[in-house]
Amino acid sequence: MASIAFERVTKTFEKNVVIKDLDLKIEDGKFTVLVGPSGCGKTTLLRMIAGIDPQTSGKVLIGGRDVTRIAPGQRGVAMVFQNYAIYPTMSVRDNIEFGLKNNKVGKAERNQLVETISSTVGLYDYLDRKPSTLSGGQRQRVALARAMVKKPAVFLMDEPLSNLDAKLRAQMRIELIELHKKLGTTFVYVTHDQVEAMSMADTIVLMNQGVIQQEAAPDVMYRKPSNLFAAQFIGVPPMNVGELGVEGVRFGFRPESAVLADEAGDEHFSISGRIATREMLGSETLYQVRGANHAFMIKCTEDLFTVDQEVHVGVAAKQMYFFGADGKRIDEDHHRYRDYMEALRGKRNG
Amino acid sequence: MKTFEFKYVRFAVGLVLKAAMLMVFIFPFLWMISTSLQTFRETLSFPPTWIPAVPQWRNFIEAMSAGPFLTYAKNSVIVTTSIIVIQMLVMIPAAYAFAKYKFIGKNVLFGMILLAFMIPGQVTFIPVYMMMADWGLIKTLMPQIIPFMSNAFGIFLLRQYFMQIPEEIVEAARLDNASEFKIMWNIMIPMAKPALATVALFSFVSHWNDYFWPLIMTDSASIRPLTLGIAMLRETEGISNWHIIMAGNVVLVVPILIVYLFCSKQIVKAFVYSGIK
Amino acid sequence: MDKQSRWAQLRPYMMIAPAMAGILAFVIYPILYLIYLSFFKYNLMNKDKSKFIGLDNFTQIFTRADFYKALSNTMIYTASVVLLTMFISLLIAVWLNKKSKINVIVQAGIFTPHIISIVSISLVWLWLMEPNLGFLNYVLKTLGLPPSQWLQSSKTALLSVIIVSVWQGIGYYVLIIVAALQSISPSIYEAAALDNASKWKVFYKITLPIISPQLFFILVIMTIGSFKVFDTVQVMTGGGPNNATNTIVYYIYGFRTTNIGYSAATGVVLMAIIGLLTFVYFRLLSKKVHYQ
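Source: prediction; values computed, not measured.

Participant: Just to check I follow, could you spell out the interface of chain A and chain B for this structure?
Facilitator: In many analyses, interface size is given as the accessible surface area lost on bringing the parts together. Listed by partner, the interface residues are 22 residues for chain A and 16 residues for chain B. Across the chain A/chain B interface, buried area totals approximately 1700 Å², and carbon plus sulfur atoms make up 59% of it. There are two salt bridges connecting chain A and chain B. Between A:Arg47 and B:Glu171 there is a salt bridge, with its nearest N and O atoms 2.4 Å apart. The tally of links between chain A and chain B comes to eleven residue pairs in polar contact (both at pLDDT 80 or more). At the level of elements, α1 (42-50), β6 (77-80) and α2 (92-102) of chain A are the ones that each hand at least two residues to the side of chain A that touches chain B. Ranked by the residues each element gives to the side of chain A that touches chain B, the list is headed by α2(A), at three residues. Here the side of chain A that touches chain B is composed, by residue class, of twelve nonpolar, seven polar and three charged.

Participant: Please clarify how the UniProt feature "transmembrane region" (unreviewed entry) in chain C should be interpreted in this entry.
Facilitator: All names here are of chain C. Per the UniProt annotation, the sites labelled "transmembrane region" (unreviewed entry) are residues 12-36, 75-96, 108-128, 157-181, 202-227 and 260-282. Between the C-alpha atoms that bound residues 202-227 there is a distance of 34 Å. The span itself is 100% helix and 0% strand. Across residues 260-282 one finds 100% helix and 0% strand; the C-alpha atoms that close the span lie 33 Å apart.

Participant: Hey, could you run me through the UniProt feature "domain: ABC transmembrane type-1" (unreviewed entry) in chain C in this one?
Facilitator: Within this numbering scheme, the UniProt entry marks residues 71-281 of chain C as carrying the feature "domain: ABC transmembrane type-1" (unreviewed entry). From the first C-alpha to the last, residues 71-281 of chain C spans 20 Å; its make-up is 73% helix and 0% strand.

Participant: Mind showing me how you'd approach the domain arrangement of chain A here?
Facilitator: If you check the domain split of chain A, you get domain 1 (4-223) and domain 2 (238-345). Computed over C-alpha atoms, the centres of domain 1 of chain A and domain 2 of chain A are 39 Å apart.

Participant: Whenever I open this one, unusual backbone geometry confuses me. Can you help?
Facilitator: Most peptide bonds are trans, and most residues other than glycine sit at a negative phi. Look at the link from A:Val236 to A:Pro237: it is a cis peptide, with omega at -15 degrees. Among the structural elements, A:Pro237 can be located in the loop between α8 (228-233) and β11 (240-243). Residues other than glycine seldom take positive phi values, yet A:Glu159 does so here, at roughly 45 degrees. One can find A:Glu159 in the loop between β7 (154-158) and α5 (166-183). Taking relative accessible area as the criterion, A:Glu159 reaches 10% and is therefore assigned buried. Despite not being glycine, B:Asn177 has its phi angle at roughly 65 degrees, a positive value. Mapped onto the secondary structure, B:Asn177 falls in the loop between α9 (167-175) and α10 (180-191). With relative accessibility at 21%, the residue B:Asn177 sits in the partly exposed group.

Participant: Please explain the packing of helix α4 (residues 69-100) of chain B against helix α13 (residues 226-237) of chain B as it appears in this structure.
Facilitator: To describe two helices that pack against each other, one gives the angle between their axes and the distance between the axes. Residues and elements named next belong to chain B. Direction vectors running N to C along α4 and α13 enclose 145 degrees, while the axes themselves pass 8 Å from each other. Along the contact surface, α4 presents Phe69, Tyr72, Ala73 and Ser76, while α13 presents Leu226, Gly229, Ile230, Met232 and Leu233. Residue composition of the contact of α4 with α13, by class: seven nonpolar, two polar and no charged.

Participant: Whenever I open this one, a positive patch on the surface confuses me. Can you help?
Facilitator: A contiguous patch of positive charge on the surface is contributed by B:Lys7, B:Arg10, C:Lys98 and C:Lys199. In this structure, C:Lys98 sits in the loop between α3 (65-95) and α4 (101-111). For C:Lys98, a relative accessible area of 68% gives the class exposed.

Participant: Just to check I follow, could you spell out the sheet that holds strand β2 (residues 16-26) of chain A for this structure?
Facilitator: Pairing between sheet strands relies on hydrogen bonds along the backbone, with the strands arranged either parallel or antiparallel. All names here are of chain A. Overall, antiparallel pairing links the four strands, which are arranged β2-β1-β4-β5 in an open sheet. Looking along the sheet, the strands with just one partner apiece sit at the ends: β2 and β5 (65-66). Where strand β4 (residues 57-62) lies against β5, two bridges are found, and the strand directions are antiparallel. For Ile62, the partnering residue across the bridge sits in β5 and is Arg65. Its contacts with the sheet place α1 against β1 (4-13), β2 and β4, and it is angled at close to 115 degrees to β1.

Participant: What exactly am I supposed to notice about α13(B) here?
Facilitator: Residue and element names in this part refer to chain B. Across its twelve residues, α13 extends 16 Å between first and last C-alpha, which sits within 8% of the 16 Å expected from 1.5 Å per residue. With nine of twelve residues buried, α13 lies mostly within the body of the structure. Here α13 has its buried residues at Leu226, Thr227, Leu228, Gly229, Ile230, Ala231, Leu233, Arg234 and Glu237. Directly beyond the C-terminal end of α13, a positive phi value near 90 degrees is found at Gly238.

Reading the values: the criteria
Residues numbered from 1 in each chain as written. Chains lettered and ligands numbered in written order. Predicted model: local features only at pLDDT ≥ 70, side-chain atom pairs only at ≥ 80, totals over all residues. Heavy atoms only, no water. Contact = heavy atoms within 4.5 Å. Buried area = accessible area lost by both parts, 1.4 Å probe. Salt bridge = Lys/Arg side-chain N within 4 Å of Asp/Glu carboxyl O. Polar contact = N/O pair within 3.5 Å; in protein donor to acceptor, adjacent residues only side chain to side chain. Helix = DSSP H or I, 4+ residues; strand = E, 2+ residues; numbered from the N terminus. Nonpolar A, V, L, I, M, F, W, Y, C, P; charged D, E, K, R; others polar. UniProt positions renumbered as here; feature names shortened; annotations may be inferred. Domains from an automatic or database assignment. Buried < 20%, exposed > 50% of the residue type's maximum accessible area, 1.4 Å probe, protein only. Axes fitted to C-alpha atoms, helices over the stretch in contact; angles between N-to-C directions. Patch = residues over 30% accessible without salt bridge, like charges linked within 9 Å, V, L, I, M, F, W, Y side chains within 5 Å. Areas by Shrake-Rupley, 256 points an atom, 1.4 Å probe, with all protein chains shown as cover. Lys, Arg positive; Asp, Glu negative; His and termini not counted. Charge placed at Lys NZ, Arg CZ, Asp CG, Glu CD. Pairing = 2+ DSSP bridges. Expected span 1.5 Å × (residues − 1).

Okay, here's the thing in structure tokens:
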């Protein structure tokens, strides 16, 4: 087990600076998810931990030890790749024990390890098969077993579920959570899918353009996004945002915080509009409501309205968020917070 | 119902045409075999003899005793196998380095490989012959072997193949603490087997059949390959002894035809692969 | 650690070293040596008597009729072989395009000559084209046509060599074109059918542009390959009759012992022609050919 730390890390490819002076601590034994849009630098961070693409400058520490000059195979980390990167010419058994052989683990111990791990992931009956005869889900398990068998201090995973179908992905999510609980090792997991991040993480590290936007537990990330980017990245559909018209400040609310009604209610923020689209998703319904200046997505648990109907949207005061001109969220104890609230009331029926 | 019949007629006509075309390409070889079993008198008859009355197996003995054919065959085998083995040893590490490592001057060096790919032996044979003479190798098989140590085409093909292998597999192996040599030997080379087979097959066919290079590089019977020996039958046997010449020709062609008969699929695949990449 | 990283930096160079040595020794150095030789009146018996004569060999080349004869023979040969092979193999490939057992067998059959030594091919055709007893004249006579002298007349010798080369090459190019045709996604044809396109239009507007990279590759390989034609000529005609089939490489070969400097200079000219062809082709390639 080990914690991971980045100290003033910079990474450049050719001449592009992808990450600049980044500091980050990943806690020991936690399930940390690095999430962000593609090209945000999350995979770059993961590859720096693994050592397969070392940082240009700065330090990476694993368990307090500077690993800058240590080869990937000697860092005590294991990685599961997006395309699994299974050795196609080796049998499942050879795949799993390749790392052990390289680390000069004795034959008896090796066999015992391979057998336990393969039963854990349900591959025991497939040990002598070639990977090409396995299904996508089984290959995924080979990759997982290959990582687990080395008993690494850190587990790295690079979008390991993105090649699976939706059903299998949901199942694997649960298995990974259980696996983490059982092993208690540090997991670092990269994904662009905020659902995966929310469902599995102890801590989410949200990145954009090489910069960490927010580092928090999933519920905090959802309730108290530190900026506009975090607010709009987490949650489906993303947070509704509109111009307040004062000092460049923007207001926002989540689609699921709004109430739809035929009559204007007494909520703090209230506008009227017409339903432009309706998406019935089963347990909930998404409406797009077009007002005079804005279009908002509204999520309801009941399916009461039809397209082209005139409706009123209401949001309670404590469900509203404000973001400054720089995109940072404005906290409740900010000295102008009350003024913005007042300005919002003025936008009624706007 | 008319279209139904039409379809059958069309199929039948197509089949006949295809058989006719196939004949255009196969017939010369059948004709060669037929001639090789005829008597001298039969070859002179007009209209020609289709099938010899009594197969003249002694034509082969006569053809083979016209020169040291055992030596020729041995030379062909030694030259071809040596070329393939040396090419593999030289080509694999080079193609791997060009595909998977970054290093200064890589593009220039690879450009030289491409240049070598473009320059045929028909341009360089004079200076190479003179070099071989300077090195005192003219009386050996070396001039037929070492100029082919670097197979530019093979390096090019194999590099393409290595580049297609996902980088993640190499990275996974590095994380598994495998040495660079082990990655190449245990993971990459087994994966590249189809490409290696293609190059080897290609080398085999082109060097077994080669005529120009040995013609330039040899001036005594002890180092000549089969192709030259057969071509010389015309001089030793006289121009009109077609039954003997064809018998010698059968000896040269039949081994390759047999190989082709049994693995035409792989050979066809190899040639197509080399043509498309 | 430092020792290790230095080794990591050196490793690629060590790995390519044998290959580069081979290319330096047997391609790059010979090219330079060839150019060097082309400026000399070289004396094979006594190197010290070799004389630097500047561009004299080249002026001689371009004033000699036999060079122009060899050059024009080579050009006629190349143009005919390339055009005929291209046209016929495209035709056959379209015909045999459908995946079926029969087509696979026919393709393998017409490919056979390609893996046989040119020596054998030439000997067989020499026999087939024999003017008095050969099979081809028998066929012509049976059909009531006048027999031909084939390789033994200066009028038909070059044509005969061309026929043999085309016959030998077609199978390979059919295979490549068929592979290209079969790699076209069927949905493109389905889309074209929905757009009500005629068969000819589909071929001309869709199929041909998609396989143009392969056709282009064939064109380059065939042209360069044809320009260095030698084996067929050497075995079948010896350049004759009356220089009718003398080609550039055969010409170079002819002077290789008697006048090395002159021979080398002709080699330089051949190299320049091949280089020019390659260059022109790749310029065209970057402009015209459709790539997906």
